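Here's the letter readout for the chains.
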Amino acid sequence: MSKYLVTGGAGFIGSHLVDELIKQGNEVVIIDNLSTGKKENLNSKAKFFNVDICSPVIKKIFKSEKFDYVFHLAAQIDVRVSVAKPEFDNKVNAMGSYNIFKNCGLNKVKKVVFISTGGALYGDCLKPAKERTLIQPISPYAIHKYTAERYLELCYDLYNLNYVVLRLANVFGPRQYSGGECGVIGLFTHNIANNKPSTLYGDGTKTRDFVYVLDVVGACLKAIAVKQRGVFNIGNGKEISILQIINAIKKVAGKKFVYKQEKDKVGEVQRSVLDSSKAKKILNWEPKVKLEQGLKNTIDWEMKK
Ligand SMILES: NC(=O)c1ccc[n+]([C@@H]2O[C@H](COP(=O)([O-])OP(=O)(O)OC[C@H]3O[C@@H](n4cnc5c(N)ncnc54)[C@H](O)[C@@H]3O)[C@@H](O)[C@H]2O)c1
């Protein structure tokens, strides 16, 4: 049994990760300021600190709790907020992340797994992006997530802090919709389950690489087990258009999909797809959940809410 910190553990991906770590018999601490995370996502067996990752209190928590491993997921995740308030995005995603990594280094944490974004970092992809593909951030969100990756590398140099960075594709699954802005599948499945119309930004030809949340949790666990330090893409490797997603959701829900069209949003890439062959080779990770099954689980969760 090890002691884990999960920042962002009240959020969509973080809460699934916490559940799995606890299921495996580990001790888990969550740091989350509940800005987008939800109290109902908190696993009752985890210790919870309602604290901002930018706060000086983080130092005290690290000193008293003594974590073996840290998963850092807490972030400002809305690209549009990052465009409107780049200073705020910088504070949370770059400096807040550095605050976590520095404290990991000072307190001799065995390894940090940082959840970064492949979807945003590589910009438009004409073919599946590899880890060595040129970084082309087109939003403050992407710039600051990449800055956090560089701070982590700096902490390796300064403190010999072991780490893995997972650059995720577009994640979907139960708990993604939390009332605010979230991924397209989260919004669309919420709307169709509740007989509400959706908004399609652009003409629907934009593409994304969708990966199911429990496959991401699987990758997180493999990242702890692996010996090699480094950066890994975590995606399905399939480029799927938003129109294809609409059709798949319609089919799985067995309902009409009502939507209106609006102009595209600023800071959004047109085509995004990741090559995860490095994760397959070194982490021994592959996505297992098919799109239709993942959509079914997500819609079922929406219906039960
Ligand atoms: N969902 C995706 O498709 C996707 C894709 C690539 C990367 N990611 C990354 O995965 C991570 C988790 O994202 P998610 O989709 O679960 O989003 P989420 O919004 O559900 O989770 C983020 C969590 O961080 C918490 N948080 C935000 N700011 C904080 C702060 N200053 N201090 C403490 N807690 C704070 C929120 O309350 C929330 O619980 C993020 O780092 C995000 O950048 C997500």
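Since this is a predicted model, take the numbers as computed values, not measurements. Positions within a chain are numbered from 1, following the residues in the order the chain's sequence is written. Owing to the predicted nature of the model, reporting of local features is limited to residues with pLDDT of at least 70; listing and counting of side-chain atom pairs is limited to 80 or more, with chain, interface and lining totals taken over all residues.

Some details on the sheet that holds strand β11 (residues 230-234)
Read across the sheet, seven strands follow the order β3-β2-β1-β4-β5-β6-β11 without closing on themselves; strand pairing throughout is parallel. The open sheet has two edge strands, β3 (47-49) and β11, and neither has a second partner. Strand-to-strand twist across the sheet, computed as the mean angle between neighbouring axes with direction ignored, equals 20 degrees. Sheet topology note: the strand β1 (residues 3-7)/strand β2 (residues 27-31) ladder contains five bridges and is parallel. The residue of β2 that forms the bridge with Leu5 is Val29. The strands touched by helix α4 (residues 86-106) within the sheet are β1, β4 (69-72) and β5 (111-117), with β4 carrying the most contacts at an inclination of about 175 degrees. Only when DSSP finds a minimum of two bridges between them are two strands counted as paired. Working definition: helices are DSSP H or I runs of at least four residues, strands are E runs of at least two. Numbering for both runs from the N terminus. Lines are fitted to the C-alpha atoms to define the axes, a helix being fitted only along its stretch in contact, and any angle between axes, read from their N-to-C directions, falls within 0 to 180 degrees. Contacts are defined on C-beta atoms placed from the backbone: any two residues whose C-beta positions lie within 7 Å are in contact.

Structural notes on the domain arrangement of the chain
Here the chain is partitioned into domain 1 (3-171 + 209-235) and domain 2 (173-207 + 238-275 + 288-304). Here the limits of each domain have been adopted from an automatic or database domain assignment. With centres defined by C-alpha atoms, the gap from domain 1 to domain 2 works out at 24 Å. Between domain 1 and domain 2, the residue contacts involve 31 residues of the former and 26 residues of the latter. Contributing elements (two or more residues each) for the side of domain 1 that touches domain 2: α1 (12-23), α3 (79-84), α5 (118-121), β7 (170-172), β10 (210-212) and α8 (213-225). Each residue is assigned to one of three groups, with Ala, Val, Leu, Ile, Met, Phe, Trp, Tyr, Cys and Pro labelled nonpolar, Asp, Glu, Lys and Arg labelled charged, and all others, Gly among them, labelled polar. Class assignment for the residues of the side of domain 1 that touches domain 2 results in 13 nonpolar, eleven polar and seven charged.

Some words on the pairing of β5
Within a regular strand, side chains alternate between the sheet's two faces. Across the seven residues that make up β5, a large majority, six, are buried. As judged from the four bridges shared by β4 and β5, these two strands associate in the parallel manner. In the strand pairing of β5, Phe71 is matched with Val113. In terms of strand pairing, β5 meets strand β6 (residues 163-168) through six bridges, oriented parallel. Note that in β6 the partner of Ile115 across the bridge is Leu166. Residues with at least 20 other C-beta atoms within 10 Å of their own are called buried, those with 12 or fewer are called exposed, and the rest are partly exposed. The C-beta atoms themselves are positioned from the backbone.

Describing the environment of Met95
Tracing the backbone through its elements, the reader meets Met95 in helix α4. Classification of Met95 as partly exposed rests on a count of 15 C-beta atoms within 10 Å. The spacing of Met95 and Ile135 is 40 residues in sequence and 20 Å in space, taken between C-alpha atoms.

Regarding the site of the ligand
Neighbouring the ligand are 29 residues, the closest being Gly8, Gly11, Phe12, Gly37 and Ala75. Of all the secondary-structure elements, those providing two or more residues to the shell around the ligand are α1, α4, β5 and β7. Among the elements that take part in the shell around the ligand, α1 stands out by supplying three residues, more than any other. Split by residue class, the shell around the ligand holds 14 nonpolar, 13 polar and two charged. Residues are counted as near a molecule or strand when the C-beta atom, derived from backbone positions, lies within 6 Å of that molecule or strand.

Digging into helix α7 (residues 184-193)
In an α-helix, one turn spans 3.6 residues, which is why side chains three or four residues apart end up on the same side. Counting buried positions over the ten residues of α7 gives eight, a clear majority of the element. Taken together, the buried positions of α7 are occupied by Val184, Ile185, Gly186, Phe188, Thr189, His190, Ile192 and Ala193. Two residues or fewer past α7, Asn195 is found with a positive phi of approximately 55 degrees.

Section: the nonpolar core
Core analysis: the biggest nonpolar cluster contains 84 residues, and Val112 and Leu166 have the highest contact counts within it. Among the elements that take part in this core, helix α6 (residues 140-159) stands out by supplying seven residues, more than any other. In this structure, this core is formed jointly by two domains, domain 1 (3-171 + 209-235) and domain 2 (173-207 + 238-275 + 288-304), each of which donates at least three residues. Excluding anything up to four places from it in sequence, Val112 contacts Val70, His72, Phe101, Cys104, Leu152, Leu161 and Tyr163. For this entry, the nonpolar core is defined as buried Ala, Val, Leu, Ile, Met, Phe, Trp, Tyr and Cys residues connected by C-beta atoms within 7 Å.

Some remarks on the packing of α7 against helix α11 (residues 291-304)
Packing of α7 against α11 leaves a shortest axis separation of 9 Å and a crossing angle of 50 degrees. Classified by the angle their axes make, α7 and α11 are oblique. For the crossing formed where α7 meets α11, the hand is right-handed. Facing α7, whose interface residues are Ile185, Thr189, His190 and Ala193, α11 presents Leu295, Thr298, Ile299, Glu302 and Met303. Working definition: roughly parallel below 35 degrees, roughly antiparallel above 145 degrees, roughly perpendicular at 65 to 115 degrees, and oblique for all remaining angles. Crossings are sorted by hand: turned counterclockwise from the far helix by less than a right angle, the near helix makes the crossing left-handed, and turned clockwise it makes it right-handed.

Some remarks on α1
To estimate how far a helix should extend, the number of its residues minus one is multiplied by 1.5 Å. For α1, built from twelve residues, the straight-helix expectation of 16 Å at 1.5 Å per residue is met to within 8% by its first-to-last C-alpha distance of 17 Å. Of all the residues in α1, the buried ones are Phe12, Ile13, Gly14, Ser15, His16, Leu17, Val18 and Leu21. Buried residues along α1 sit against β1, β2, β4, β5, β7 and α8. Downstream of α1 by one or two residues, Gly25 has phi in the positive range, about 90 degrees.

Concerning the pairing of β11
When you tally the buried positions in β11, you get four out of five residues, the bulk of the element. The pairing of β6 with β11 spans five bridges and is classified as parallel. Residue pairing across strands places Leu166 opposite Phe232, the latter belonging to β11.

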